[in-house]
Amino acid sequence: METKSLSLSKSDFKLLKEHLEKSNMSAYNKEKLQAELKSATIYTEAELPDDVVCLKSEARIANVKTGKEFTFTLVMPEEANIKMQKVSVFAPIGIALFGYRTGDSINWEMPDGIQEFKILAVNRP
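Residues numbered from 1 in each chain as written. Predicted model: local features only at pLDDT ≥ 70, side-chain atom pairs only at ≥ 80, totals over all residues. Heavy atoms only, no water.

Labelled according to an unreviewed UniProt entry, the protein chain appears under the name Regulator of nucleoside diphosphate kinase, originating from Pedobacter africanus.

This is the structure:
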């Protein structure tokens, strides 16, 4: 699978970089995120393409293996509320999708092993 570079706004890049330094995520995810941040394309907030998963965007994704679909909005941890489909940007799935675009597929280590997700749609407010 080809590795796409992340598309991130300056503020989102800073957010992820700071999180990486103090995070207790798995070694697999940490290395993956480090490599992704190194090759990321950084945009100003205004230039960030509309179909990029970023803070406050709503993403509709599918688990490639099960076909199960999920829709949620990425928020800061203090706003996270799973009942309202608001997921922290620092939750495993939040970090996994951050900076990817509609149509991209992502492999990420979840509590039950490495899963593949496809981004079906992204809506930004």
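**Things to note about the sheet that holds strand β3 (residues 58-63)**
The sheet built from 5 strands is open, its strands ordered β5-β4-β3-β7-β6 with mixed pairing. The open sheet has two edge strands, β5 (86-88) and β6 (105-110), and neither has a second partner. Put simply, the sheet's adjacent strands are angled 45 degrees from each other on average, direction ignored. In this sheet, β5 lies alongside strand β4 (residues 69-75) in parallel orientation, the contact comprising 3 bridges. Pairing of Thr73 across the sheet is with Lys86, part of β5. Sheet strands in contact with helix α2 (residues 27-38) are β6 and β7 (113-123), and its direction is about 145 degrees off that of β6. (Pairing = 2+ DSSP bridges. Helix = DSSP H or I, 4+ residues; strand = E, 2+ residues; numbered from the N terminus. Axes fitted to C-alpha atoms, helices over the stretch in contact; angles between N-to-C directions. Contact = heavy atoms within 4.5 Å.)

**A word on helix α1 (residues 10-22)**
With 13 residues, α1 ought to run about 18 Å at 1.5 Å a step, and its terminal C-alpha atoms sit 19 Å apart, in line with that. Restricting attention to buried positions, one finds in α1 the residues Asp12, Leu15, Leu16, His19 and Leu20. Each buried residue of α1 sits inside an arc of 130 degrees when the element is viewed along its axis, so together they form one side. Turned more than 90 degrees away from the buried face of α1 sit Lys10, Lys14, Glu21 and Lys22, all of them exposed. In the core, the buried residues of α1 are packed alongside β1 (7-9), α2 and α3 (92-97). (Expected span 1.5 Å × (residues − 1). Buried < 20%, exposed > 50% of the residue type's maximum accessible area, 1.4 Å probe, protein only. Arc of directions from axis to C-beta.)

**Observations concerning α2**
With 12 residues, α2 should cover 16 Å at 1.5 Å per step; its first-to-last C-alpha distance of 17 Å lies within 8% of that length. If you follow the buried residues of α2, they end up packed against β1, α1, α3 and β6.

**Examining the UniProt feature "domain: Transcription elongation factor GreA/GreB C-terminal" (unreviewed entry) in the protein chain**
If you check UniProt for "domain: Transcription elongation factor GreA/GreB C-terminal" (unreviewed entry), the listed places come out as residues 49-123 in our numbering. Taken end to end, residues 49-123 comprises 8% helix and 44% strand; its first and last C-alpha atoms sit 11 Å apart. (UniProt positions renumbered as here; feature names shortened; annotations may be inferred.)

**Focus: the side chain of Asn29**
With respect to the element layout, Asn29 can be found in helix α2. Classification of Asn29 by relative accessible area gives buried; the value is 4%. Those residues in contact with Asn29 that lie beyond four places of it in its chain are Trp108 and Glu109.

**Brief notes about the pairing of β4**
Bridge count between β3 and β4: 5 bridges; the pairing is antiparallel. Residue pairing across strands places Ile61 opposite Phe70, the latter belonging to β4. Counted along the chain from β3 to the antiparallel partner β4, the turn is 5 residues long, and its residue Gly67 has a positive phi close to 80 degrees.

**What to know about the packing of α1 against α2**
The relative placement of two packed helices is expressed as an angle between their axes plus a distance between the axes. α2 packs onto α1 with a crossing angle of 145 degrees between their chain directions and a minimal axis gap of 11 Å. Judged by the sense of rotation from one axis to the other, the crossing of α1 with α2 is left-handed. Of the residues in α2, those in contact with Phe13, Leu16, Lys17 and Leu20 of α1 are Lys30, Leu33, Gln34 and Leu37. Residue composition of the contact of α1 with α2, grouped by class: 5 nonpolar, 1 polar and 2 charged. (Left-handed = near helix turned anticlockwise from the far one by under 90°. Nonpolar A, V, L, I, M, F, W, Y, C, P; charged D, E, K, R; others polar.)

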